[in-house]
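# Structural overview for review
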Amino acid sequence: MKSLFLIFSILLCCSIGKAQQANLSPTRTVHGTVHEQSSNEPMTYVTVRIKDATNKLLAATITDEKGIFNLEFASKDSVTIEWALVGYQTLVKPLTGPETSFKLGIIKLQPDATLLKEITINGEQPSTSLKLDKKVFQVGKDVLSKAGSSLDLLNSVPSVSVSPSGSVSLRGNSSVLILINGRRSGLTQGNALDQLAADQIERVEVITNPSSRYDAAGSAGIINIVLKKNKTSGLNGQLSLVGGVPNETRVTPSLNYKSARVNLFSTFGLRYSDYDGLYTSDQSTQDGGTTHFLHKNQNEDRHDDAKMLYFGGDFLINNHNTITAAFLNKTTKDHDKTALKYDYTKVGKALDSTLLRKGESWENRNYNQLEFNYTKTFDKANKKYTIDMQYDFWNSDKDWNLSTQKTFPVASNFAGIRTSSIGSSKDFMLQTDYVQPLDSLANLEVGLKAEKRNVTSAYKAERQNNMDWEIFDGINNQIVYDELIGSAYVQFNSKWNKIAYQLGLRTELTKITLEDKAGSFNETKEYTRFFPTLNLSYQFSANATLQASYSKRINRPSLFLLYPFNELTDFNSQYVGNPDLNPSYADVVEFGFLKTWSKLTFNPSLYYQHNKAVIQDYTYRNANGVFMTTPVNIEGETRSGLELSTLYNPYRFLNINMEINAYRFKQKGFYADQDFYYSGNILTSRLSVQTRLPQKISFQFRYNFTSAQSNAQSRTASIHNLDFGISKLLLKDKATLLFDVTNLFDLKKFETTTTGSTYLLSQTNRPNAARYRLTFIYKFNLKENQGVRQAKMGNRN
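Predicted model, so just to flag it, every value in this text is computed and none were measured. (Residues numbered from 1 in each chain as written. Predicted model: local features only at pLDDT ≥ 70, side-chain atom pairs only at ≥ 80, totals over all residues. Heavy atoms only, no water.)

## Overview of the overall build of the protein
Per the secondary structure count, the protein includes four helices and 46 strands. Every one of the 797 residues in the protein was classed for burial, and the buried ones make up 52%. Nonlocal contacts in the protein, meaning residues at least 24 apart in sequence, comprise 65% of its contacts between residues at least 6 apart. (Helix = DSSP H or I, 4+ residues; strand = E, 2+ residues; numbered from the N terminus. Buried < 20%, exposed > 50% of the residue type's maximum accessible area, 1.4 Å probe, protein only. Contact = heavy atoms within 4.5 Å.)

The following block contains the structure:
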């Protein structure tokens, strides 16, 4: 850490020195907003350039989602400013006079009638945009992102990966905070993200070192999923139809209406999906000097039904006051079947016995979310005050029926087992944020947030005894989980010559209580921590910028990791939570460089993470010989790595995106009799190629690779998978027909070997077979690159 901070200080001093030498001319600023001439709607991704008398580029930017642009340049002479977007007439204006700050107000662009006849997509940006503080994955521009669920989409986002169980990781670290529209949501808990369709998402923002305005949770960073919003006046909408093999049927109609004062939005969704999984394992164990072998084969058939309703509106009280209110309801019904076959042998002998266990489960979930937002803007640019309230409430119940029989050498039946779990949750959040510009360059931002969550969960297992049922293994309990998190932050940002800086401090008070009805545990954890952040950037030119950042973060264990009950589907291998888990803390340092040319974007990053009390899975055999896996805290882990992202557009019809992430980690700590000391290297990479062909056809393929990786107990083999898709615009660009395949050739499999003092366990998991989908999307009163309104964006982008 000391060496990294030394490098950081040297870099800062060098940057300051260069900035002093390069900026003899006064710094001047330009602010404004770009609207479309006829609709008066804000225009996104308009290129804004400032040039001197010799046509030399002094500064450049693009407008944000509200059409706003802010530019700074160093020149004491008169300059020109131009606004350009494909399909619109380029507008050029002179900037004269001695002013150091130009406030241009609203700039309106007119469509270019000639160009509009020649192009099909206006204002199109790459599917992946690289920015200094985040990477932005634009959903509508990627062929493979238009079908499937949000988990399918996340698996295609740079730096992000999804495990077979639905766990999301960022740069190989699963301690990541997932937000929807800048806020926490029940849709990010468990596997609920699989219920969110990819075509409802506008973009995904990956923030590896967040500022203090964000929650401090997640040592790996933040993934912010931004849902689509309506930008078109009048009545408009979209209908999406999906059919697939294995069965995946989705019907998603959306209807929206927008006027000068009101923006109403609604979406309804139906989904019926089947998933085929295959899991095999081989184990050898030593018991009393005898070696025992077990081969297990598990076939899984999962069926999910889901319904979703989302509606609400934005209400413009006046030019400075807006209210948003919305309601979301999502219900799911899952019906799963599984069959497990166990073949037992002893060393040097033939098959000893065979057991067959069949399981069938039914699960119902009902999730609801109420959201409210008040936004007040002011005549002064960038000054804003917001209030957000959100109330999530859900309930679920799941029942398992398990039957077991011996099929060899003599057929016999075992007593049936059934389990029942019933849960509910209530989560209320209140937040307020205020941004105060101090001058044309400096801003002060403050905020408060409080969140209260209560979860109850009851779990019971019973075994059949003739015609009656009795409690099995003493499993009959209920837990109550209460969580209260209060936080406040202050943040200051400004710019000095070519150096932009942002300082922030966040404090969070946490109180968590976990207790059970049986009285076997009653845990209360209460702590207050401070989380400083620092962001620096040095702009060498309009197309080259260097950034350095630091943040302190926390990883609180999720309820799933604390949950002390284990499902009994597999009587040989089970996972159980640990109510004694403590949060882990991380110090994160990152250096990034962003360089853009006309056809190439180059973005390398160096990062270092120092984690204390890191959470790690621990596997052991209990007294009954069952393999139990549980999360535990170990002393710590350090990670240092290099990430390289590139975008290459050699031709207008071809887009190539490559990402490589290589890092080294070192873990240390003891738990029970296990020494967790281990160090290793991991490499992940992704290659995506997308091309536009004649006749409005687009084609894309994507290859993902993760190298073999190990820890003190297990080794996972390398993972490969290949996806591809092809789409065509129809009906005067109002419709899109898409065919895609995920996990082509069934390449994706997870092979893990776990080693203990008396056992060796090898597992191969194929949770999802290759999936083939045909998708049809029809839009009315929307252009091909526009999305329907799904939700108001969060105020903390």
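Next, the rest of the story.
## What to know about the sheet that holds strand β6 (residues 91-95)
Pairing between the strands of a sheet is mediated by backbone hydrogen bonds and can be parallel or antiparallel. Spatial ordering of the open sheet is given by β3-β2-β5-β6, a layout of four strands whose pairing is antiparallel. Looking along the sheet, the strands with just one partner apiece sit at the ends: β3 (57-62) and β6. When strand polarity is set aside, the average angle formed by the axes of neighbouring strands in this sheet is 15°. Note that strand β2 (residues 47-51) and β3 share five bridges and pair antiparallel. Counted as the bridge partner of lysine 51 is leucine 57 from β3. (Pairing = 2+ DSSP bridges. Axes fitted to C-alpha atoms, helices over the stretch in contact; angles between N-to-C directions.)

## Brief notes about the packing of aromatic side chains
Here a ring pair, both rings aromatic, is described through the centre-centre distance and the interplanar angle of the planes. Per the stated rule, a full pass over the model turns up 21 aromatic pairs. With 5.6 Å between their ring centres and 15° between their planes, tyrosine 459 and phenylalanine 565 make a pair best called stacked. Placement of tyrosine 459 in strand β24 (residues 443-465) and of phenylalanine 565 in the loop between α4 (559-562) and β29 (573-575) is noted, with a sequence separation of 106 residues between them. Look at tyrosine 459 and you get buried, because its relative accessible area is 4%. Three or more aromatic residues joined by ring pairs make a cluster, and in this case those are Tyr618, Tyr620, Tyr671 and Phe676. The side chain of lysine 383 reaches across the aromatic face of phenylalanine 378, ending 4.5 Å from its centre. Above the ring of phenylalanine 627, the side-chain terminus of arginine 621 is found at 5.8 Å from the ring centroid. (Phe/Tyr/Trp six-rings, centres within 6.5 Å; stacked < 30°, edge-to-face > 60°. Lys NZ or Arg CZ within 6 Å of the ring centre and 35° of its normal.)

## A closer look at the pattern of salt bridges
Counted under the stated rule, the structure contains 34 salt bridges. Close ionic contact of lysine 51 with glutamate 82 constitutes a salt bridge, the shortest N to O distance being 3.9 Å. Of this pair, lysine 51 sits in strand β2 while glutamate 82 sits in strand β5 (residues 79-84), and the two are 31 residues apart along the sequence. Looking at glutamate 82, the relative accessible area reads 15%, which means it is buried. Salt-bridge contacts for lysine 495 lead to glutamate 72; the nearest nitrogen and oxygen are separated by 2.9 Å. Highlighted residues: lysine 495 in strand β25 (residues 468-496) and glutamate 72 in strand β4 (residues 68-74), separated in sequence by 423 residues. Since its relative accessible area comes to 19%, lysine 495 is described here as buried. By relative accessible area, glutamate 72 is classed as partly exposed at 25%. It is possible to trace a salt-bridge network through shared partners that takes in Asp215, Lys449, Arg506, Glu508 and Arg556. (Salt bridge = Lys/Arg side-chain N within 4 Å of Asp/Glu carboxyl O.)

## Side note on the nonpolar core
Tyr481, Leu514, Ile554 and Leu568 are the most contacted members of the largest nonpolar core, which totals 25 residues. In terms of residues, this core owes the most to one element, β25, which gives four residues. Excluding anything up to four places from it in sequence, leucine 568 contacts Arg357, Leu402, Ile417, Thr419, Tyr459, Ala461, Phe472, Ile475 and Gln574. (Core = buried A, V, L, I, M, F, W, Y, C linked by side-chain atoms within 4.5 Å.)

## Concerning the pairing of strand β21 (residues 384-408)
Relative to β21, strand β20 (residues 351-377) is paired through 24 bridges, and the arrangement is antiparallel. Residue pairing across strands places arginine 365 opposite serine 396, the latter belonging to β21. The antiparallel pairing of β20 with β21 creates a hairpin that spans six residues between the two strands, and asparagine 382 there sits at a positive phi of about 75°. Here β21 pairs with strand β23 (residues 417-437) via 19 bridges, running antiparallel.

## Side note on the sheet that holds strand β32 (residues 615-621)
With mixed pairing, the three strands of this open sheet are ordered in space as β29-β33-β32. Of all the strands in the sheet, just β29 and β32 have a single pairing partner and so form its edges. For this sheet, the mean angle separating the axes of adjacent strands, direction not counted, is 30°. Sheet analysis places β29 next to strand β33 (residues 627-633), joined by three bridges and oriented parallel. Within β33, the residue paired with tyrosine 575 across the bridge is threonine 629.

## Comments concerning a nonpolar patch on the surface
On the surface, Val245, Ile726, Leu737, Phe739, Tyr772 and Leu774 cluster together to form a nonpolar patch covering roughly 490 Å² of accessible area. Mapped onto the nonpolar patch, the elements with two or more residues apiece are β43 (735-742) and β46 (771-780). Relative to the helices and strands, tyrosine 772 is located in strand β46. (Patch = residues over 30% accessible without salt bridge, like charges linked within 9 Å, V, L, I, M, F, W, Y side chains within 5 Å. Areas by Shrake-Rupley, 256 points an atom, 1.4 Å probe, with all protein chains shown as cover.)

## Quick word on the pairing of β5
Among the six residues in β5, five count as buried, and that is most of the element. In terms of strand pairing, β2 meets β5 through five bridges, oriented antiparallel. What sits directly across from arginine 49, in β5, is glutamate 82. The pairing of β5 with β6 spans five bridges and is classified as antiparallel. What sits directly across from isoleucine 81, in β6, is lysine 93.

## Notes on unusual backbone geometry
Cis peptide bonds are those with omega within 30 degrees of zero, and the linkage from valine 245 to proline 246 qualifies with -10°. For proline 246, the position within the fold is in the loop between β15 (234-245) and β16 (248-258). That bond from phenylalanine 408 to proline 409 is cis: its omega, 5°, falls within 30 degrees of zero. Structurally, proline 409 is set in the loop between β21 and β22 (412-413). Unusually for a residue other than glycine, asparagine 55 sits at a positive phi of about 70°. Of note, asparagine 55 is situated in the loop between β2 and β3. The class of asparagine 55 is exposed, set by a relative accessible area of 54%. For aspartate 746, which is not a glycine, the phi torsion comes out positive at approximately 55°.

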